[in-house]
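Close look at the chain arrangement
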Amino acid sequence: MQTWIFFIKIIGAICVMTGCGGAGLAMGVSWKRRYVQLGQMQRSLRMLHGEIRYTGAELPEAIDQIALRQEKPFSDFYHGLSAQMRRMDGQSLKTLWQTEIEKCLNNTYLTKEDKQIFWSRSQLGYLDRQMQLSSLEACMAQIEDNQNMIRKNMKEKQKLSVALGLLSGFFIIILLI
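This structure is a prediction, so every number in the text was calculated from the model and none was measured.

Section: the overall build of the chain
When its secondary structure is counted, the chain shows six helices and zero strands. When the helices and strands of the chain are placed in sequence order, the string is α-α-α-α-α-α. In terms of overall dimensions, the chain is more spread out than a globule: its C-alpha atoms have a radius of gyration of 23 Å, far above the 16 Å expected for 177 residues. Along the first, second and third principal axes, the C-alpha set of the chain runs to 80 × 35 × 25 Å. Burial statistics for the chain: of 177 residues in total, 41% are counted as buried. Here the analysis covers contacts within the chain between residues at least 6 apart in sequence; of these, 68% occur between residues at least 24 apart.

Some thoughts on the packing of aromatic side chains
Applying the stated criterion across every chain, the model contains two aromatic pairs. Each ring, one from F77 and one from Y78, has its centre 5.0 Å from the other, and the planes form 75 degrees; the classification is edge-to-face. Considered together, F77 and Y78 belong to a single accessibility category, that of buried residues.

Considering the nonpolar core
In this structure, L45, L48, Y78, W97 and F118 are the most contacted members of the largest nonpolar core, which totals 34 residues. Looking at this core, the elements that each hand over two or more residues are α1 (2-54), α2 (59-68), α3 (74-87), α4 (93-104), α5 (112-119) and α6 (129-176). Not counting chain neighbours up to four residues away, the residues in contact with Y78 comprise S44, L45, I63, I66, A67, Q70 and F118.

Things to note about α1
If you check α1, its first and last C-alpha atoms are 77 Å apart, about what 53 residues at 1.5 Å a residue would give, namely 78 Å. Of the residues one or two after α1, G56 is the one with positive phi, at around 70 degrees.

Some points on the pattern of salt bridges
Opposite charge on two side chains permits them to pair, given that their charged atoms come into close proximity. Within this structure, the stated rule accounts for three salt bridges. The closest approach of N and O atoms between R69 and E51, which form a salt bridge, is 2.5 Å. In this pair, R69 is assigned in the loop between α2 and α3 and E51 in helix α1, connecting sequence segments 18 residues apart. Taking the relative accessible area as the measure of exposure, R69 reaches 44% and is therefore partly exposed. Put simply, K72 and D76 hold a salt bridge, and the shortest N to O gap is 3.2 Å. Classification of K72 by relative accessible area gives exposed; the value is 61%. With relative accessibility at 32%, the residue D76 sits in the partly exposed group.

Thoughts on the environment of E58
You can see E58 is positioned in the loop between α1 and α2. On the basis of relative accessible area, E58 is assigned to the partly exposed category, the value being 49%.

Cut-offs applied
- Residues numbered from 1 in each chain as written.
- Predicted model: local features only at pLDDT ≥ 70, side-chain atom pairs only at ≥ 80, totals over all residues.
- Heavy atoms only, no water.
- Helix = DSSP H or I, 4+ residues; strand = E, 2+ residues; numbered from the N terminus.
- Rg over C-alpha atoms; globule rule 2.2 N^0.38 Å.
- Buried < 20%, exposed > 50% of the residue type's maximum accessible area, 1.4 Å probe, protein only.
- Contact = heavy atoms within 4.5 Å.
- Phe/Tyr/Trp six-rings, centres within 6.5 Å; stacked < 30°, edge-to-face > 60°.
- Core = buried A, V, L, I, M, F, W, Y, C linked by side-chain atoms within 4.5 Å.
- Expected span 1.5 Å × (residues − 1).
- Salt bridge = Lys/Arg side-chain N within 4 Å of Asp/Glu carboxyl O.

Quick look at the structure:
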């Protein structure tokens, strides 16, 4: 009878370690996914910059074009923004931009700070072409700074996340045994 209890404890310990290690690994993976989504955000803004600068497109037309060439979740964001702009219901671009960020970018790996950088570009509708381009360039520079910071610290944070997950698993096992 005692051997069965021992085996059950061992199986429980393995399950706890696997769960805690998996949680740590998931936290580490989230850093990589945030980095990838920041890259998508930057590419979308670079495309918007190009549409405004080189094709001379107005903002609604440029957003339509960007929506067609983006991956999720940014394709959904630009499609929604484009549809809202076409409705012309009197809302400012700032309000529309914020609404679409909350709706489409809510379930992403982007932090509140990342979304704030993206949201700060919502004044595009009030600016002339040159100011729009300058605003987009400033946003892309901020995103690049964030990406560089993540790239520099990502490996360490991934290792730390896994290590903390495993250590918390050991701690739980010690408490339960």
